[in-house]
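Below are the chains, spelled out letter by letter.
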Amino acid sequence: MNEQLVAEEAGWRTQASCLDYPALLFFGVDDSEAPAERRVREERAKRVCRPCRVRQECLEYALQAREPYGIWGGLTELERKARLRSRAV
Ligand code: SF4
């Protein structure tokens, strides 16, 4: 991964709202998670992201790093893929 990206992440990470929450809220357990459970979990995670002061930095990081899993910057992996596609056109 890009070293500059990693260094920048170390900077904004310290102000992340999600530091007070378990990573499971943002990444789930495994593929056995039922779709309905997943939607509820993702909505809860997004509520943590909404007021996060480093939301934009987090989202940019995840887009540039092509983070394949989890909620970053208030978006799911599918929502991030859509965002990347919309930037490409
Ligand atoms: S936007 Fe969400 S995932 Fe990103 S640092 Fe903030 S709380 Fe954490």
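Everything below is about the structure printed above this text.
Cut-offs applied
- Residues numbered from 1 in each chain as written.
- Predicted model: local features only at pLDDT ≥ 70, side-chain atom pairs only at ≥ 80, totals over all residues.
- Heavy atoms only, no water.
- Helix = DSSP H or I, 4+ residues; strand = E, 2+ residues; numbered from the N terminus.
- Buried < 20%, exposed > 50% of the residue type's maximum accessible area, 1.4 Å probe, protein only.
- Polar contact = N/O pair within 3.5 Å; in protein donor to acceptor, adjacent residues only side chain to side chain.
- Contact = heavy atoms within 4.5 Å.
- Axes fitted to C-alpha atoms, helices over the stretch in contact; angles between N-to-C directions.
- Parallel < 35°, antiparallel > 145°, perpendicular 65-115°, else oblique.
- Left-handed = near helix turned anticlockwise from the far one by under 90°.
- Nonpolar A, V, L, I, M, F, W, Y, C, P; charged D, E, K, R; others polar.
- Salt bridge = Lys/Arg side-chain N within 4 Å of Asp/Glu carboxyl O.

1. Let's talk about the side chain of Glu 33
Then, number 1: Along the polypeptide, Glu 33 turns up in the loop between helix H2 (23-27) and helix H3 (35-49).
Then, number 2: A residue is classified by how much of its surface remains accessible, and Glu 33, at 17% relative accessible area, is buried.
Then, number 3: Within the structure, the side chain of Glu 33 is placed 2.7 Å from the side chain of Arg 41, a separation counted as a polar contact.
Then, number 4: Beyond its immediate stretch of four places on either side in the chain, Glu 33 contacts Gly 28, Arg 38 and Arg 41.

2. Details of the packing of helix H1 (residues 3-13) against helix H4 (residues 55-65)
Then, number 1: One can describe the packing of H1 onto H4 by two numbers: an axis separation of 10 Å at closest approach and a directional angle of 155°. Taken together, the axes of H1 and H4 lie roughly antiparallel to each other. Between H1 and H4 lies a crossing of left-handed hand. When H1 is examined against H4, the residues Leu 5, Glu 9 and Trp 12 are found in contact with a partner set consisting of Glu 57, Cys 58, Tyr 61, Gln 64 and Ala 65.
Then, number 2: For the contact of H1 with H4, the class distribution of residues is 5 nonpolar, 1 polar and 2 charged.

3. Section: the pattern of salt bridges
Then, number 1: As enumerated under the stated definition, the model contains 7 salt bridges in all.
Then, number 2: A salt bridge links Arg 41 to Glu 33, with the nearest nitrogen and oxygen atoms 2.7 Å apart.
Then, number 3: Taken together, the shared-partner salt bridges in this structure form one network comprising Arg 38, Glu 42 and Glu 77.

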